[in-house]
Amino acid sequence: MTSPALLPSRVPPAKRIRLHAGYAWRNSGHPLLAQLRVAWDTRSWAGFPAVRSEVGGVSISYSGVPEGLAYALEFTEQRRETSAKETAAREISTRKGWQLARPAQLPGADIVIVGTSAAKAERLPVNASLIMPIRVHFVLDFDRDFDRIHSRASKGARRDFRQKSRQHDWSFGIERDPAWFEHFYDRMYRATMSKRYEGRARTESRESAYECLFRSGVLFHLSMDGQRVAGHLCHWDPRSGVLTSRLLGVLDGAEEYYAAGALKVMYFHLIEWAARNEVRRLDFQGTEAFLSKGTYQMKRRFGTQVVLPPNHFGGKRLWLQVRRDSAEVRDFLVDNPMLTEGTDGTLEAVYFHDSQRTARIDYRAESPGVGRIRHVELDTFLAELHED
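Anyway, here's the lowdown on the structure attached to this text. (Residues numbered from 1 in each chain as written. Predicted model: local features only at pLDDT ≥ 70, side-chain atom pairs only at ≥ 80, totals over all residues. Heavy atoms only, no water.)

1. Remarks on the overall build of the protein chain
Looking only at helices and strands, the protein chain has 13 helices and 16 strands in total. Taking 388 residues into account, the globule formula puts the C-alpha radius of gyration at 21 Å, and the protein chain, at 22 Å, falls close to it. Structurally, the protein chain occupies a C-alpha span of about 65 × 50 × 40 Å along its principal axes. Within the protein chain, the fraction of its 388 residues that count as buried is 54%. Partitioning the contacts of the protein chain with sequence separation of at least 6, the portion at a separation of at least 24 is 73%. (Helix = DSSP H or I, 4+ residues; strand = E, 2+ residues; numbered from the N terminus. Rg over C-alpha atoms; globule rule 2.2 N^0.38 Å. Buried < 20%, exposed > 50% of the residue type's maximum accessible area, 1.4 Å probe, protein only. Contact = heavy atoms within 4.5 Å.)

Here's what the structure looks like:
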């Protein structure tokens, strides 16, 4: 892929440096920078959020790196709020980094989660506990022709694509006009984030999106029956040949475009475009390591490989320990199978079950990169909680 001509900057040089430095700190896959970020974010003398959340008869506390509030605690709240049809109640405090290594000093809860470095997570207690990635990415490597890559997608995803292609006239292309970037940012990206996540939305600033993504990256547009209804802004690294999904959305965040299949159609067109334009790897970015997350299930359907993120998230983990055995806790564990890291570093899917609860294998885990699937009996997993 030929790198696009660099568009003019909109900010003074000093601010441009700050924007690029901030973007690299958040997203760079350079090993040294990623390692530095992990070390800084998990330093022993720093203060960290420690939040206890209770809803639906299950209390969960999260302590550690701030991103875990969005990528772990909020997801568990959404799942519990949906089941209980009530809003989570939070108790907010702080802990020092050294206290994260002492589970007795963390907020008490039925389930305790700590967000820290992989090395520090491995030193935490192993009873009734698991170690999870804080996030995972979904990637496609273009070492084969498009037809073979296309065939990796699930039969259901390919069937849906054919069906949607018959129902509407779709067109896909690249846009370099800064005015259309503004339209995309306001009417598609921000509107979609607001509609989908409301107060929990996490957005890239306009200046950062323009300076660090649009100027040197690729902004795709998707039209349905002659109207542009979706956009997708990607970061392009010409040295590594990696095209990374960053910002996307549908017009006004409208549900009708989701129902029409706009995002799924856009992903298939993006895969074809990448395959035909010498992209070495297409990184769809990722999501939380819970199989019950809709984004997880959607992205795995395109035949992607599940990998640890190339940035600082690749060096961070969640340590999850169950402290109390109850029907509600068991329901939560069964309803939310997890992607965990085995002792040998292999990613494995864990499904809980017991004599009264069937493993939720409807949340599929079979994907390249997931080395094992484990079915864990809850009576055995929680046995130590009942020992005198």
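2. Here's the deal with the packing of aromatic side chains
Under the definition given, this model contains 18 aromatic pairs. A network of ring pairs unites the aromatic residues Trp180, Phe181, Phe184, Tyr185, Tyr189, Tyr210 and Phe214 as a single cluster. Across from the ring centre of Tyr210, 3.8 Å away, lies the NZ or CZ of Arg10, which sits over that ring. Between Arg43 and the ring centre of Trp40, over which it is positioned, the NZ or CZ distance is 3.7 Å. (Phe/Tyr/Trp six-rings, centres within 6.5 Å; stacked < 30°, edge-to-face > 60°. Lys NZ or Arg CZ within 6 Å of the ring centre and 35° of its normal.)

3. Things to note about the pattern of salt bridges
With the rule as written, the count across this model stands at 34 salt bridges. Glu341 is the salt-bridge partner of Arg317, the closest N and O atoms lying 2.6 Å from each other. With Arg317 in strand β13 (residues 316-322) and Glu341 in strand β14 (residues 338-341), this residue pair connects regions lying 24 residues apart in the sequence. Since its relative accessible area comes to 4%, Arg317 is described here as buried. Accessibility expressed as a relative area gives 17% for Glu341, which makes it buried. Salt-bridge contacts for Arg330 lead to Asp379; the nearest nitrogen and oxygen are separated by 2.8 Å. Highlighted residues: Arg330 in helix α12 (residues 327-335) and Asp379 in helix α13 (residues 378-381), separated in sequence by 49 residues. Overall, the relative accessible area of 10% leaves Arg330 in the buried class. The exposure class assigned to Asp379 is partly exposed, which follows from its relative accessible area of 42%. Among the ionic contacts, a cluster of salt bridges with common partners joins Asp325, Arg330, Asp331, Asp354, Arg357 and Asp379. (Salt bridge = Lys/Arg side-chain N within 4 Å of Asp/Glu carboxyl O.)

4. Points about the sheet that holds strand β1 (residues 47-55)
Ordered in space as β3-β1-β2-β4-β13-β5, the six strands form an open sheet in which the pairing is mixed. Each edge of the sheet is formed by a strand with only one pairing partner; in this case those strands are β3 (89-96) and β5 (129-133). Across the sheet, the axes of successive neighbouring strands diverge by a mean angle of 20 degrees, strand direction being ignored. Both β1 and strand β2 (residues 58-64) contribute to a ladder of six bridges, which runs antiparallel. Following the sheet pairing, Ser53 is matched in β2 by Ile60. (Pairing = 2+ DSSP bridges. Axes fitted to C-alpha atoms, helices over the stretch in contact; angles between N-to-C directions.)

5. Brief notes about the packing of helix α7 (residues 178-197) against helix α8 (residues 206-214)
The description of two helices packed together rests on the angle between their axes and the distance between the axes. Where α7 meets α8, the closest approach of the two axes is 11 Å, and the angle between their N-to-C directions is 130 degrees. The pairing of α7 with α8 is recorded here as oblique in orientation. The two elements α7 and α8 meet at a crossing, and its hand is right-handed. Along its contact with α7, which presents Pro178, Phe181, Glu182, Tyr185 and Asp186, the element α8 presents Arg206, Ala209, Tyr210 and Phe214. (Parallel < 35°, antiparallel > 145°, perpendicular 65-115°, else oblique. Left-handed = near helix turned anticlockwise from the far one by under 90°.)

6. Side note on the side chain of Glu175
Tracing the backbone through its elements, the reader meets Glu175 in the loop between β7 (170-174) and α7. In this structure the side chain of Glu175 is engaged in a polar contact, spanning 3.0 Å, whose partner is the backbone nitrogen of Asp177. Once residues lying within four places of it in the same chain are set aside, the contact partners of Glu175 are Trp180, Phe214, Leu219, His221 and Arg228. (Polar contact = N/O pair within 3.5 Å; in protein donor to acceptor, adjacent residues only side chain to side chain.)

7. Section: a nonpolar patch on the surface
Taken together, the side chains of Trp25, Leu36, Trp40 and Trp45 present a nonpolar region at the surface, about 480 Å² in accessible area. Following the sequence through the fold, Trp40 ends up in helix α2 (residues 31-41). (Patch = residues over 30% accessible without salt bridge, like charges linked within 9 Å, V, L, I, M, F, W, Y side chains within 5 Å. Areas by Shrake-Rupley, 256 points an atom, 1.4 Å probe, with all protein chains shown as cover.)

8. Section: the packing of helix α6 (residues 155-167) against helix α10 (residues 262-276)
For the pair α6 and α10, the least separation of the axes is 10 Å and the interaxial angle reads 105 degrees. Taken together, the axes of α6 and α10 lie roughly perpendicular to each other. Each of Ala157, Arg158, Asp160, Phe161 and Lys164 in α6 lies in contact with α10, whose residues at this interface are Lys264, Val265, Phe268 and His269. Taken together, the residues of the contact of α6 with α10 sort by class into four nonpolar, one polar and four charged. (Nonpolar A, V, L, I, M, F, W, Y, C, P; charged D, E, K, R; others polar.)

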